[in-house]
Amino acid sequence: MSPEPVPPPSPARCARCERGEPCAARLRRGEEAFRAGRYGAAAELFRSVLAGLAPPDRGLCLRLGDALARAGRLAEALGAFRGAARLGALRPEELAELAAGLARALAAREWPGALDEPAEPPGPAPWDLLRCPRCRRLLHKPVTLPCGRTVCRRCVEPGAARAAARRVNVVLSGVLEKCFPTECRLHRLAAQARGLLLQQQPEAALLRCEQALGQAPDDTPLLMLRAELNISMKNYELALQDANTVCEKEPLLTKGHHIKAQALSGLGRTLEVLREFLYCLALNPDCSSVKKEAQKVMCEVFFPASENVHQNVRSVIQSRLKAPIQGSTSAQPQEEGGSAGSCENPSEKSDAPRNANSSVLYFVLGLHFEEDKKVLESVFPPAPSTGLKRQYPSDEEDECDLSTPGKIPRKDTDASPQRRVHHKKGGPELRIEAADFECALCMRLLFEPVTTPCGHTFCLKCLERSLDHTPQCPLCKGRLSELLASRNFNVTILAEELIFRFLSEELSDRKRIYDEEMSELSNLTRDVPIFVCAMAFPTVPCPLHVFEPRYRLMIRRCMETGTKRFGMCLSAEHAGISEYGCMLEIKDVRTFPDGSSVVDAVGISRFRVLSHRHRDGYNTADIEYLEDEKVEGPECEELATVHDSVYQQSVSWFASLQDHMKEQILSHFGSMPEREPEPQSNPSGPAWSWWVLAVLPLERKAQLAILGMTSLKERLLAIRRILVIIARKMNGRQEVVNNSEGNN
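Rules and cut-offs
Residues numbered from 1 in each chain as written. Predicted model: local features only at pLDDT ≥ 70, side-chain atom pairs only at ≥ 80, totals over all residues. Heavy atoms only, no water. Helix = DSSP H or I, 4+ residues; strand = E, 2+ residues; numbered from the N terminus. Buried < 20%, exposed > 50% of the residue type's maximum accessible area, 1.4 Å probe, protein only. Contact = heavy atoms within 4.5 Å. Areas by Shrake-Rupley, 256 points an atom, 1.4 Å probe, with all protein chains shown as cover. Disulfide = S-S within 2.5 Å. Core = buried A, V, L, I, M, F, W, Y, C linked by side-chain atoms within 4.5 Å. 1 Å grid on protein atoms, 1.4 Å probe; cavity = no way out; pocket = protein on both sides within 12 Å on 5 of 7 lines; lining within 4 Å. Points joined across faces, edges and corners; volume = space filled by probe spheres on them. Nonpolar A, V, L, I, M, F, W, Y, C, P; charged D, E, K, R; others polar. Salt bridge = Lys/Arg side-chain N within 4 Å of Asp/Glu carboxyl O.

Trainee: What is the right way to read the overall build of the protein from this model?
Mentor: From N to C terminus, the protein includes 28 helices and 10 strands. Relative to its 744 residues, the protein shows a buried fraction of 47%. For the protein, the share of sequence-separated contacts (at least 6 apart) that also reach a separation of at least 24 residues comes to 64%. Split by element, the accessible area of the protein, about 36600 Å² in all, is 52% carbon and sulfur.

See the structure below:
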């Protein structure tokens, strides 16, 4: 964690502000350069502000150290942090940038360019599909997450409580047991060893681990497990041997370096512990636990408690100033609290401070500098110049080129511990058969496989149909209410990839059958799905509450095929469904946790039923669509007159209704549509006429008879007759009420 930008010092404290640019302005420019990634320039500006401060500012020392560390000038950064330690005990979290800089330098030296390579070379071997995407090893106890990806059960993130509750994928576990019997047996022995360790039986756990290593002596996970067991038993030398073997085989494996650090810590080899933690930090820069451990060890190595925070800082500064300053030809006389004279050779550049006559600057950057270099050399042994060429860039290079890619520390690196680990190619060919991926419901090859939290895999459509009837797993009867509520039916990616690669012919046949079914379901004249319920009319909204399993299936199929249409008919006592119906189009579907839904639909067109049958529990029908017969000449003029007359009559009738009746009609059917200029523009007739028929208090037989009319004039005249009858009844009731009031 980097310290926050420090506030500018008070002008009264800086003796140089009167002679040049105010320190507050330099500090602001330094912060701007830091944010822009020009860390060398930021360091020089912070250094110039510190040179004039008496006493020095601890926060600014830390900021200077951060800038130098990001610039890759690690020796100078150590000097800045040592100065901060003299002003106040350093906390490990204040060394985040220094730790990151050391880790980057160590990675650039040991593995130049390795961390920028892809995780896997192109063209993976067939069995690479069965590697865990997180640990990059063969899947062990595969668990399919809600997103559809499959990982080892031990690789499930601890915070994902619901995902952790998911059980092992039965289908994929069977494939692994069939194709990798030896590896699965080793996994079981390793799991037994870990279980015994948790039960405080390390000797028995070590015995199981040795048994497994007898069958696979070079297995990296088993070697790491044996090292962990030896660490728990304080056999640090034996643990270190296994850790060294792992790090030699897989130098980019974070866990290997972490175990090695633990073994070295037990042996008291602190500098080597620091180096291993820096390896871990370089491989996994976003791991908070690794950061904390690396920073803690750095604090102990570079800033031991015996050197942290002297009681009298000013006296220490003065005593150091009495000796000749390294890097200058002679010591210059100093005035306590004042500015110093210039160095005899001001252009000379070294790891020592540029302004050797500034007491505060020398205190911040010069104390125990040679000791720091020795510590650095012990952590970074001498190496060929090619590996260290870019490790410590010069000031000029830093200020010119640090904005280029690769020099600014990247904060968005992948946090996966083994993201760069390479594995050898080859391995056994997978012996996969269609029976390995058979749906237990349809007994066919899995198509769009979905895995339930209880670990069973089904075709997506099969599972949805099963959940229409009961919220339980068809095999183990486990509760699937949460799955039903979330509708999180993501395809199991690994199962789909294995089927695609190894069962391509069977998958093609399965897809052909599915496409044929979808094509058949998409036909809007033959086997059209029929919802037997209420009366529906063209252009009129028809909201539905769907809860029966057969209709849940029907609505889902309408959505899947893309037609989003189904027919609505009345029930008929002898025929089963009415002769005429209306085609509806789905506008929206809102599904509830119990699987039921509210379907917002609107009438599209009328049809006549030619024949009907059943499909999976719901009705289907062969239909023909109905359209109004067109008229021309005098008949068209007569139709226009009737149209306008009936429209005005309908408006007057609706206006005569009581307010509460109007509100009920408007809330359910909406407002009455406007009159169309041309009555015959719509093949089904004007929208307002269907709205009136929907709201009029008619018997279903009368509504059905009018729905089947193909003459617009006859339909308008039928509406007129109905309105006249309703008006007479209303007038008759009013006369009765008036007579009753008169008699009273």
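Trainee: Sorry, what's going on with the state of the cysteines here?
Mentor: Applying the stated rule across the entire model yields 0 disulfides. In this structure cysteine 247 is not part of a disulfide, and its nearest cysteine sulfur, from cysteine 280, lies 8.1 Å away. Relative accessible area serves as the criterion here: at 10%, cysteine 247 is assigned to the buried category. As a non-bridged cysteine, cysteine 542 has cysteine 533 as the owner of its nearest cysteine sulfur, 7.2 Å distant. For cysteine 542, a relative accessible area of 9% translates into the label buried.

Trainee: It is not clear to me how unusual backbone geometry should be interpreted in this structure. Could you clarify?
Mentor: Generally, phi is negative for residues other than glycine and the peptide bonds are trans, each holding for most cases. Of note, lysine 141 is a non-glycine position whose phi angle comes to about 50 degrees, a positive value. As for its position among the elements, lysine 141 is in the loop between helix 5 (96-110) and strand 1 (142-144). Not every positive phi belongs to a glycine, and aspartate 527 is a case in point at roughly 55 degrees. Here aspartate 527 is to be found in the loop between helix 22 (504-522) and strand 5 (528-532).

Trainee: For this particular structure, what's the right way to read the nonpolar core?
Mentor: Nonpolar side chains tend to gather and get buried jointly when the protein is soluble and globular. Counting 82 residues, the largest nonpolar core has Leu90, Leu98 and Met298 as its most contacted members. No other element matches the 9 residues that helix 13 (residues 270-283) contributes to this core. In this view, methionine 298 contacts Leu95, Leu98, Ala99, Leu102, Leu274, Leu278 and Phe303; residues no more than four positions away in its chain are not counted. Counting 66 residues, the second largest nonpolar core, distinct from the first, contains Cys462, Leu483, Leu553 and Val599.

Trainee: Looking at this model, I keep getting lost on the environment of glutamine 262. Mind explaining?
Mentor: Along the chain, glutamine 262 turns up in helix 12 (residues 254-266). Note on glutamine 262: relative accessible area 34%, which makes it partly exposed. Considered as a pair, glutamine 262 and alanine 239 are 23 residues apart in the sequence and their alpha carbons are 9.0 Å apart.

Trainee: Any chance you could explain empty space enclosed by the protein here in plain terms?
Mentor: Unfilled space is identified by rolling a water-sized probe across the atoms. Taken as a whole and assessed by the stated rule, the structure comprises 3 cavities of 30 Å³ or more. Roughly 60 Å³ of internal volume is contained in the second largest cavity. Around the second largest cavity, the lining residues are Leu521, Pro529, Met554, Arg557, Cys558, Thr561, Thr563, Arg565 and Tyr618. The biggest single contributor to the lining of the second largest cavity is helix 23 (residues 549-561), with 4 residues. Of the residues assigned to the lining of the second largest cavity, the class counts are 5 nonpolar, 2 polar and 2 charged.

Trainee: For this particular structure, what's the right way to read the pattern of salt bridges?
Mentor: When the charged atoms of two side chains with opposite charge come close together, those side chains can pair. For the coordinates displayed, the defined rule picks out 42 salt bridges. Note that aspartate 616 and arginine 465 form a salt bridge whose closest N and O atoms lie 3.6 Å from each other. In this pair, aspartate 616 is assigned in the loop between strand 9 (597-615) and strand 10 (618-626) and arginine 465 in helix 19 (residues 460-469), connecting sequence segments 151 residues apart. Given a relative accessible area of 37%, aspartate 616 falls into the partly exposed group.

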